[in-house]
Amino acid sequence: MKKTSTRLADGRELIYYDLSDDTVRDAADRRPLDTTVTTSEIRRDPLLGDSVAIASHRQGRTYHPPAGECPLCPSEGDRLSEIPDSSYDVVVFENRFPSLAGDSGRCEVVCFTSDHNASFGSLNEEQARLVLDAWTDRTSELSHLPSVEQVFCFENRGAEIGVTLQHPHGQIYAYPFTTPRTSLMLRQMAAHKEATGGANLFDTVLAEELAGERIVLESDHWVAYVPYAAHWPYEVHLYPRRRVPDLLGLDEAARTEFPQVYLELLRRFDRIFDGRDGGEDTAGESATPYIAAWHQAPFGTLEEFDGVTRDDFALHLELFTIRRTSGKLKFLAGSESGMNVFINDVPPERAAERLREVASS
């Protein structure tokens, strides 16, 4: 992998990640852009104790542009985009409309490929490995910023999820605090550790799932399963067999095997709703919308979580779709949005069975 860092016309950082070591990146951003100005601030909810990012400047962000005006495609002739060069393998740049900025953290865009009509699931293993290397490198770099406490790499895929740019891409949020979701996990870990005399909660859960019926696929270095209390209709958790706190902790064997395992999971997600689920006709239905989210240990101190250290946390990826059956979405209505109590219409055991049924032959 070759890494080349440059600056866009408005001062934002852009980084190329290339498969070939002899690739030269010297194209300049020719757009007449003013310096980026953001209004992001973090406000803390006194009743819930969580944080909310207020970012009014995002109202003006690009919204469903025509394919010929995609800002994530390479620049070509007089059509200038966020990427100055005429091609790329993987590119990361600071978001022009960030939710977090300055002392409030940082937001980056990760473009998985220059092919506008591709998807992560259509990448080959070499391309997927390059994305993993980019995620890892950005996690390392962002963790050293003084304002950053937790790094979150994720992909939103599909208009149903709320994606406004169809080009295959993900994002990285570098938060100035430990997120509420991670804080809940850390509190559960601390309680389990105290109740069991030192057992690790992640190890306990993984061992129980390995002995059960919700395993979706296994390899030498990775395990994917539908959790016992899945929140979403089809939800898979992917863990390395060797517990590590973040992407930086993965060894070479796990990194090498990851593309094969992850690409297979994504391709199975695109086969779930192929007409066999409930017998419905899915002709013309779009590819399965999903969210893929990496959970990494915070880089700040964990003093408030009694006895828990960074090494106790288990890196894992959560992959889920809001589609509950062909042509029907799972909406977060009163119970979910109002009280954070999820109601799942698909039994996790059936979801795991379905995801095994659609395995690649």
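Conventions used here
- Residues numbered from 1 in each chain as written.
- Predicted model: local features only at pLDDT ≥ 70, side-chain atom pairs only at ≥ 80, totals over all residues.
- Heavy atoms only, no water.
- Pairing = 2+ DSSP bridges.
- Helix = DSSP H or I, 4+ residues; strand = E, 2+ residues; numbered from the N terminus.
- Axes fitted to C-alpha atoms, helices over the stretch in contact; angles between N-to-C directions.
- Contact = heavy atoms within 4.5 Å.
- Polar contact = N/O pair within 3.5 Å; in protein donor to acceptor, adjacent residues only side chain to side chain.
- Phe/Tyr/Trp six-rings, centres within 6.5 Å; stacked < 30°, edge-to-face > 60°.
- Buried < 20%, exposed > 50% of the residue type's maximum accessible area, 1.4 Å probe, protein only.
- Lys NZ or Arg CZ within 6 Å of the ring centre and 35° of its normal.
- Parallel < 35°, antiparallel > 145°, perpendicular 65-115°, else oblique.

1. A look at the sheet that holds strand S6 (residues 106-111)
Logical step 1: Read across the sheet, 11 strands follow the order S1-S2-S5-S6-S8-S7-S12-S13-S11-S10-S9 without closing on themselves; strand pairing throughout is antiparallel. Here the strands that pair on one side only, and so sit at the sheet edges, are strand S1 (2-7) and strand S9 (215-218). Taken pair by pair, the neighbouring strands of this sheet meet at an average axis angle of 20 degrees, ignoring direction.
Logical step 2: Sheet topology note: the strand S7 (residues 150-157)/strand S8 (residues 169-175) ladder contains 5 bridges and is antiparallel. Residue pairing for S8: Gln-150 is matched across the bridge by Tyr-175.

2. Some points on the environment of His-116
Logical step 1: Looking at where His-116 falls in the secondary structure, it is placed in the loop between S6 and helix H1 (125-143).
Logical step 2: Each C-alpha atom of the pair His-116 and Thr-139 lies 25 Å from the other, and the pair is 23 residues apart in sequence.
Logical step 3: Residues within four places of His-116 in sequence aside, it is in contact with Ala-67, Cys-70, Cys-73, Gln-166, His-167 and Pro-168.
Logical step 4: A polar atom in the side chain of His-116 sits 3.5 Å from the side chain of His-167.

3. Quick word on the packing of aromatic side chains
Logical step 1: A complete count under the given rule lists 20 aromatic pairs for this structure.
Logical step 2: Seen in terms of ring centroids, Phe-152 and Phe-154 are 4.6 Å apart; in terms of plane orientation they differ by 15 degrees. Their pairing is stacked.
Logical step 3: Taking 5.5 Å as the distance between ring centres and 40 degrees as the angle between the ring planes, the aromatic pair formed by Tyr-175 and Phe-177 counts as tilted. Of the two residues examined, Tyr-175 and Phe-177, each falls in the buried class.
Logical step 4: Of the aromatic side chains, those joined through ring pairs into one cluster are Phe-112, Phe-120, Trp-135, Trp-222, Phe-258, Tyr-262 and Trp-294.
Logical step 5: Over the ring of Tyr-16 we find Arg-25, and its NZ or CZ is 4.6 Å from the ring centre.
Logical step 6: Of note, Arg-310 hangs over the ring of Phe-299, and the distance from its end group to the ring centre comes to 4.4 Å.

4. Section: the packing of helix H2 (residues 180-196) against helix H3 (residues 201-210)
To describe two helices that pack against each other, one gives the angle between their axes and the distance between the axes.
Logical step 1: Direction vectors running N to C along H2 and H3 enclose 90 degrees, while the axes themselves pass 9 Å from each other. As the angle between them shows, H2 and H3 are arranged roughly perpendicular. Counting all contacts with H2, which are made through Met-185, Gln-188, Met-189 and His-192, the residues of H3 involved are Leu-201, Phe-202 and Thr-204.

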